[in-house]
Structure formats: C-alpha cells, structure tokens
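This is what each chain is made of:
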Amino acid sequence: MKPLDILREYWGYDSFRGIQGDIIESILQGRDTLGLMPTGGGKSICFQVPALLRDGLCIVVTPLISLMKDQVQQLKNRGIKAEAVYSGMMREDIVRVLDNAVLGAYKLLYISPERLSSEIFLAKLERMRQISMVVVDEAHCISQWGYDFRPSYLQIAKMRHLLPAADVPILALTATATPNVVEDIQERLGFRAKNVFSMSFERKNLIYVVRE
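What comes next concerns the included structure.

1. What about the overall build of the protein chain?
Helix and strand counts for the protein chain come out as eight helices and seven strands. Relative to the compact-globule value of 17 Å for 212 residues, the protein chain shows a C-alpha radius of gyration of 17 Å, a close match. Seen through its C-alpha atoms, the protein chain measures out along the principal axes to roughly 60 × 40 × 35 Å. Out of the 212 residues in the protein chain, the part that is buried amounts to 49%. A fraction of 75% describes how many contacts in the protein chain between residues 6 or more apart in sequence connect residues 24 or more apart. Carbon together with sulfur atoms contributes 49% to the accessible area of the protein chain, which is approximately 11000 Å² in total.

Structure follows, in structure tokens:
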C-alpha cells in the first residue's frame with residue numbers, strides 16, 4: 001500500500017496537507033527527519049501513516065498525557081492497535097502493556113519521556129526485536145536553547161543505542177523552534193544527516209494591532 005491508500009482507508013482524506021507528504025516520504029526512506037509544523041498542522045498524520053506502512057512497532061515519545069490518551073483512543077476507534085505508558089499507571093498495567101509490545105501486539109506505543117529512565121521500560125525495550133521508527137513530539141524540549149527544556153528528553157539519544165537496529169529512523173516534530181533549536185535538536189538526537197521540513201506558521205485569521 002501507498003501512504004495515500006492508508007490516509008484514505010483510515011482517515012478518509014484524499015490528500016495530505018502542507019508538508020505532511022514530504023515528511024512521510026522522508027521517514028519511509030529511513031531518513032532521520034525534523035518537521036516544523038504549527039499547532040493544528042496535522043503532526044500526528046506524519047507518523048501514524050508511516051507507522052502503518054513500516055514493519056514493527058512505532059515508539060512515540062510525548063510529554064502530553066492527555067494528548068497521548070486521546071490519540072490512542074482515536075487510533076483504536078479506527079481499528080489501529082495502539083497503547084500508552086505514562087506516569088500514574090499501576091505497575092502491573094505498565095508491565096502488561098510492555099510485554100504485549102514485546103510480543104508485537106501494537107503498531108504504536110506512546111510513552112512519556114520519564115519512562116526512558118525506567119529500568120522496566122529499558123529492559124523490555126531490549127527485547128522488542130522490531131522497531132519501525134521513533135517519534136519525538138514536542139522535540140524542542142530536548143534543546144537547552146528551547147523555552148521548555150526537559151532533562152528527561154536527553155535519554156532519547158541513549159535509547160537509540162538500545163534499539164535492535166542501528167538504522168531505525170527518528171522523526172522529531174515541534175511547533176516552535178529557532179534556528180539554534182533546529183540545529184540542537186538534530187545534534188542531540190544523533191541525526192545521521194541534517195534533514196528539516198518546515199511549513200509556514202502564518203495564521204491568516206490572526207492579526208496584531210498596536211494602538212496608542
């Protein structure tokens with residue numbers, strides 16, 4: 001199947017928006033990719049579509065638990081196997097989800113960045129024999145130049161060394177990044193080559209007016 005076939009079958013759209021198609025093609029070619037897209041620009045499509053086309057499990061790192069839960073439920077409603085692990089879950093539930101991930105029960109597994117320091121997660125990760133891609137949402141959080149730096153994000157680069165294959169691509173996504181942050185994200189995530197896609201952040205329905 002092709003990306004548009006997946007888009008039509010699961011989401012009912014006939015075409016991609018903005019740079020969605022470019023990002024999807026890049027990640028399907030196995031290239032580390034950074035996508036700069038405004039909020040509401042359709043970031044989730046950029047990894048959910050290729051996750052269904054690539055063999056194995058897509059790991060999505062995001063700090064937004066409410067978004068995580070919402071996306072998992074939406075994917076399940078579309079018949080896509082997905083699950084999430086985040087703070088506040090019972091230990092037995094975390095172990096159950098991760099064991100099922102090891103067995104290949106899901107196409108997408110959402111985790112909070114704090115999980116990357118968890119011995120349970122790291123032990124299970126080493127047993128996940130086929131990872132299709134790693135997605136880093138709110139990727140500016142990995143950069144000390146960013147407005148929302150989070151030390152837990154620094155574990156992502158370490159996680160990359162535990163993946164079953166050295167060529168597992170990383171897709172980083174953010175709605176906010178200065179040129180310094182763009183460079184820093186790629187460096188800290190160990191991009192094999194610089195590769196950035198950016199769409200306009202102009203909002204035609206918003207204006208600034210200054211009156212004295």
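Now that the structure has been shown, we can carry on.
2. Let's talk about the pattern of salt bridges
Throughout the structure, instances matching the rule amount to 12 salt bridges. R160 is the partner of D32 in a salt bridge, and the nearest nitrogen-oxygen pair spans 2.6 Å. In this pair, D32 sits in the loop between helix 2 (20-28) and strand 1 (33-36) while R160 sits in helix 7 (residues 155-160), placing the two residues 128 residues apart along the sequence. You'll find D32 and R160 in the same group, each marked buried. In this structure, a network of salt bridges that share partners links the residues D5, R8 and D14.

3. So, the side chain of R54
In this fold, R54 is placed in the loop between helix 3 (43-53) and strand 2 (57-61). The charged side chain of R54 is buried without a salt bridge, its nearest counter-charge being D167 at 6.4 Å. Setting aside residues no more than four positions away along its own chain, R54 makes contact with I27, L28, G30, K107, S132, M133 and P169.

4. A few points about the packing of aromatic side chains
Scanning the entire structure with this criterion turns up two aromatic pairs. Judged by centre distance (6.3 Å) and plane angle (65 degrees), the ring pair of F47 and Y110 falls under edge-to-face. In this pair, F47 sits in helix 3 while Y110 sits in strand 4 (residues 108-111), placing the two residues 63 residues apart along the sequence. Classification of Y110 as buried rests on a relative accessible area of 0%.

5. Let's talk about the sheet that holds strand 4
Across a sheet, strands are paired by hydrogen bonds formed along the backbone, either parallel or antiparallel in direction. If you walk across this open sheet you meet the seven strands as 3-4-2-5-6-1-7, and the pairing is parallel. Only two strands of the sheet have a single neighbouring strand rather than two, namely strand 3 (82-85) and strand 7 (196-198). Between one strand axis and the next, the sheet turns through 20 degrees on average, direction left out of account. Along the sheet face, helix 2 touches strand 1, strand 5 (131-136), strand 6 (170-174) and strand 7 and points at about 170 degrees away from the line of strand 1.

Parameters and conventions
- Residues numbered from 1 in each chain as written.
- Predicted model: local features only at pLDDT ≥ 70, side-chain atom pairs only at ≥ 80, totals over all residues.
- Heavy atoms only, no water.
- Helix = DSSP H or I, 4+ residues; strand = E, 2+ residues; numbered from the N terminus.
- Rg over C-alpha atoms; globule rule 2.2 N^0.38 Å.
- Buried < 20%, exposed > 50% of the residue type's maximum accessible area, 1.4 Å probe, protein only.
- Contact = heavy atoms within 4.5 Å.
- Areas by Shrake-Rupley, 256 points an atom, 1.4 Å probe, with all protein chains shown as cover.
- Salt bridge = Lys/Arg side-chain N within 4 Å of Asp/Glu carboxyl O.
- Lys, Arg positive; Asp, Glu negative; His and termini not counted.
- Phe/Tyr/Trp six-rings, centres within 6.5 Å; stacked < 30°, edge-to-face > 60°.
- Pairing = 2+ DSSP bridges.
- Axes fitted to C-alpha atoms, helices over the stretch in contact; angles between N-to-C directions.

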